[in-house]
Amino acid sequence: MTAVTQPAFESVGSPLAQFVSDGWIATRRNLIKIKRVPEILVFTILQPIMFVLLFSQVYAGAMNVPDYVNFLMAGIFAQTVIFGSTFSGAAMAQDLKDGIIDRFRTLPMSPAAVLIGRTNGDLVINSISMLIMMGTGWVVGWRVTTSFWGFLGGVGVLLLFSYSFSWVMALLGMSVRSPEVINNASFMILFPLTFISNAFVPIHNTNPEFPEPTAWTLQNPIVTVIIGIVVMLVIFVPLAVRKFASVSSR
Amino acid sequence: MTAQRAAEPDAVEVSGLMINRGRHRVLTDLSFTLPSGRITGLLGPSGSGKTTLMRAIVGAQRIGGGSVVVLGRAAGHPSLRRRVGYMTQDPSVYPDLTVEANVRYFGAMAGAGRRDAQAAVDAVGLSDLRRRKARDLSGGQFSRVSLACALVARPVLLVLDEPTVGLDPVLRVDLWNRFAALAAEGTTLIISSHVMEEAGRCDSLLLLREGRLLAQLTPQELRRRGATDDLELAFLRLIQAQNAGVAS
């Protein structure tokens, strides 16, 4: 009788190769989920259409902002991709609840792989909803006024911003442990924030006595966003990976 | 054969294990060793700490005291992840993936390929349903997908939390034959159950009650000590004898 004391499968190579391979496997799983659970995609598509139409058609007249559609679209883009990033939170909470993370933790895989796959899934969902929003925006009169490269750069910054926010939500999902809570909590936080910000209404429009804001962040929006992206990634990627390696379903 | 087995190191050594959850003590001062290449049945009423003990062995549970050594390493050591397979109590598979895609997914994370996934699907008797989505399966079929995901990487130590729940008698016998074949090849299995008739298929039993180890014995010893062939009755008598001992 030969005793089985050696593992049946050895490591597939360097830690980096393993990381890339595991991350790709997890990403594919999340892409299949988008295909298999079409509700996700339907709401991903309907929500931005609803917001673009509501704000551009219902509010535009009352806004007293010249060319409101072009002002609005930037805000809608940002709001929609941020909401798209909450999928990571709900999915991680669900995996934790189902005991799937317990199983992952007994497998010889990179601890970042599942998170990479999940956040990549959000990125794909957000890219699709960006396309839908652009189409809807174009119908109601939104036009690109910058150069082609400026336009691509803007799209890139938006997607990167939503990607880094996915990591924040993934950490939150593993912390609150309930998919329902993460959906409600993120809505409670994100919805007021988008209204307080200048996403839908220019700041000096909400209160005429308020002096025209001159904050550095408002004058350097692109740099501000990039700083935000870097800060979120540097802080929340390691935190989320560490949480994944230590979190337990009970 | 017995001598050869005795020469092998123990698969699991637990000593003085304490686990608390919140203010409750879930496991109290557990100590035992499990030999390699055997089927150990983990039995006890629900709430006796079976799942918690299994989680401690696979390294998914924070322990409050004592030690758990698995295949010569502290439980949860990264090198053990290639050698330990775990089936959780809730079927931890993705409902939107097909049977085979689930097994391939968890297999791929352990370096196992398509052929290994097919072998694991065959092993749990789901060959005909391999292309079916997990959410379209019955409860018993669903949990067998989860079992296949634990088998696919061909681990040296298999920790299975109630793998036969919800299965009909024919399938249950099938799976226990499969477990026996794995043990004969040298795999160590730890299987929890609250069906006492399954205890008869194990090489040795760990009887848990209220977080304490009531006894570690073979099914034959249990029958002898309980003075009955009925394992369930024997277990009950053991508990009553202990209660009487505590009371006097």
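Refer to the preceding data block for the structure.
Everything quoted here is computed from the prediction, not taken from an experiment. Starting afresh in each chain, residues are numbered from 1 along the sequence in its written order. By the order in which they are written, chains take letters starting at A while ligands take numbers starting at 1. A pLDDT threshold of at least 70 governs which residues receive local features in this predicted model, and a stricter bar of 80 or more applies before side-chain atom pairs are shown or counted, although totals over entire chains, interfaces and linings include all residues. Calculation of side-chain values draws on the structure's entire complement of heavy atoms; hydrogens and water are dropped beforehand.

*Asks:* Can you walk me through the pattern of salt bridges in this structure?
*Replies:* As a working rule, side chains carrying opposite charge can pair if their charged atoms are close by. Residue and element names in this part refer to chain B. Here, a salt bridge means any side-chain nitrogen of Lys or Arg that lies within 4 Å of a carboxyl oxygen of Asp or Glu. For the structure shown, the criterion picks out eight salt bridges over all chains. A salt bridge links Arg154 to Asp116; the shortest N-O distance between them is 2.8 Å. With Arg154 in the loop between α5 (139–151) and β7 (157–161) and Asp116 in helix α4 (residues 114–123), the pair connects residues that are 38 residues apart, well separated along the chain. Relative accessibility under 20% of the residue-type maximum defines a buried residue, over 50% an exposed one, and the middle range a partly exposed one, all with a 1.4 Å probe and only protein chains included. The class of Arg154 is partly exposed, set by a relative accessible area of 46%. Accessibility expressed as a relative area gives 16% for Asp116, which makes it buried. The network of salt bridges with shared partners includes Glu100, Asp122 and Arg130. Helix and strand assignments come from DSSP, with helices taken as H or I runs of at least 4 residues and strands as E runs of at least 2, each series counted from the N terminus.

*Asks:* Sorry, what's going on with the packing of aromatic side chains here?
*Replies:* Remark: the centre distance and the inter-plane angle together describe each pair of aromatic rings, the angle taken between the planes. We call Phe, Tyr and Trp rings a pair once their centres come within 6.5 Å, taking the six-membered ring for Trp, and we label the pair stacked below 30 degrees between planes, edge-to-face above 60, and tilted otherwise. Evaluation of the coordinates by the stated rule reveals 16 aromatic pairs over all chains. Summarising the aromatic geometry, the rings of A:Tyr68 and A:Phe71 are spaced 6.2 Å apart at their centres and angled 25 degrees between planes, so their arrangement reads as stacked. In this pair, A:Tyr68 and A:Phe71 are both assigned in helix α3 (residues 68–84), three residues apart and thus about one turn of the helix distant. Each ring, one from A:Phe104 and one from B:Phe106, has its centre 5.4 Å from the other, and the planes form 35 degrees; the classification is tilted. Within this pair, whereas A:Phe104 is found in helix α5 (residues 100–105), its partner B:Phe106 is found in helix α3 (residues 99–109), the two belonging to separate chains.

*Asks:* Sorry if this is basic, but what is going on with helix α6 (residues 113–139) of chain A here?
*Replies:* Because an α-helix completes one turn every 3.6 residues, residues spaced three or four positions apart along the sequence face the same direction. For a helix, the expected span equals 1.5 Å multiplied by the residue count minus one. Between the first and last C-alpha of α6(A) there are 40 Å, a value that for 27 residues agrees with the 39 Å anticipated at 1.5 Å per step. Two residues or fewer after α6(A) comes A:Gly141, characterised by a positive phi angle close to 110 degrees.

*Asks:* What is the right way to read the packing of helix α2 (residues 38–63) of chain A against α6(A) from this model?
*Replies:* When two helices pack together, you describe them by how their axes are tilted relative to each other and by the distance separating the axes. All names here are of chain A. Every axis corresponds to a line fitted to the C-alpha atoms, with the helix fit spanning only the stretch in contact, and the corresponding angles, defined between N-to-C directions, vary from 0 to 180 degrees. For the pair α2 and α6, interaxial distance at closest approach is 9 Å and the crossing angle is 35 degrees. Our pair here, α2 against α6, has a crossing hand that is right-handed. From α2, Ile40, Leu41, Thr44, Ile45, Pro48, Ile49, Val52 and Leu53 reach across to α6, where they touch Ile125, Ile128, Ser129, Ile132, Met133, Thr136 and Gly137. Classification convention: Asp, Glu, Lys, Arg as charged; Ala, Val, Leu, Ile, Met, Phe, Trp, Tyr, Cys, Pro as nonpolar; all other residues, Gly among them, as polar. Partitioning the contact of α2 with α6 into residue classes produces 11 nonpolar, four polar and no charged. Handedness of a crossing is defined here by the sense of rotation of the near helix relative to the far one, left-handed for an anticlockwise turn of less than a right angle and right-handed for a clockwise turn. We call two residues in contact whenever any of their non-hydrogen atoms come within 4.5 Å of each other.

*Asks:* Is there a simple way to think about a negative patch on the surface in this case?
*Replies:* Two joining distances apply to patches: 9 Å for like charges and 5 Å for nonpolar side chains (Val, Leu, Ile, Met, Phe, Trp, Tyr), and every residue must have over 30% relative accessible area and no salt bridge. Each accessible area value is a Shrake-Rupley result obtained with a 1.4 Å probe; residue values ignore everything except the protein chains displayed when judging cover. Residues counted as positive are Lys and Arg, residues counted as negative are Asp and Glu, and His and the chain ends are not counted. One atom stands in for each charge, and that atom is NZ of Lys, CZ of Arg, CG of Asp or CD of Glu. On the surface, B:Glu197, B:Asp229, B:Asp230 and B:Glu232 cluster together into a negatively charged patch. Tracing the sequence through the fold places B:Asp230 in the loop between α8 (219–226) and α9 (231–247).

*Asks:* Even after reading the chapter, I still don't get empty space enclosed by the protein, so can you show me in this structure?
*Replies:* If you roll a probe as big as a water molecule over the atoms, it shows you where there is empty space left. As defined here, a cavity is a set of points on a 1 Å grid over the protein atoms alone where a 1.4 Å probe fits but cannot get out. A pocket is an open set with protein on both sides within 12 Å along at least five of seven lines, and residues line them when an atom is within 4 Å of a point. Grid points are joined across faces, edges and corners, and a volume is the space filled by probe spheres set on the points. Counting across every chain of the model gives two cavities of 30 Å³ or more. If you add up the space inside the largest cavity, you get close to 140 Å³. A:Leu107, B:Arg81, B:Val84, B:Ala110 and B:Ala153 are the residues nearest the centre of the largest cavity, which is lined by 18 residues in total. At the level of elements, β6 (84–87) and α5 of chain B are the ones that each hand at least two residues to the lining of the largest cavity. For the lining of the largest cavity, the element with the highest residue contribution is β6(B), accounting for three residues. A class-by-class count of the residues in the lining of the largest cavity yields 12 nonpolar, two polar and four charged. Together, A:Arg105, A:Thr106, B:Ile57, B:Val58, B:Ala75, B:Gly76, B:His77, B:Leu80, B:Arg81 and B:Val84 line the second largest cavity. For the lining of the second largest cavity, a count of residues per class yields five nonpolar, three polar and two charged.

*Asks:* Can you help me understand the layout of surface pockets in this one?
*Replies:* Residue and element names in this part refer to chain A. Roughly 1800 Å³ of volume is contained in the largest pocket. Taken together, 44 residues form the lining of the largest pocket, with Ala74, Ala78, Asn198, Pro221 and Val225 sitting closest to its centre. Taken together, the elements giving at least two residues each to the lining of the largest pocket come down to α3, α6, α7 (148–176), α8 (179–196), α9 (203–206), α10 (216–219) and α11 (221–246). Considered class by class, the residues forming the lining of the largest pocket number 28 nonpolar, 14 polar and two charged. Within this model, the second largest pocket holds a volume of roughly 910 Å³. What lines the second largest pocket is a set of 41 residues, among which Lys33, Ile40, Phe87, Ala90 and Ala91 lie closest to the centre. At the level of elements, α1 (15–36), α2, α3, α4 (86–97), α6 and α8 are the ones that each hand at least two residues to the lining of the second largest pocket. Looking at which element gives the most residues to the lining of the second largest pocket, the answer is α4, with seven residues. Split into classes, the residues belonging to the lining of the second largest pocket amount to 21 nonpolar, 12 polar and eight charged.

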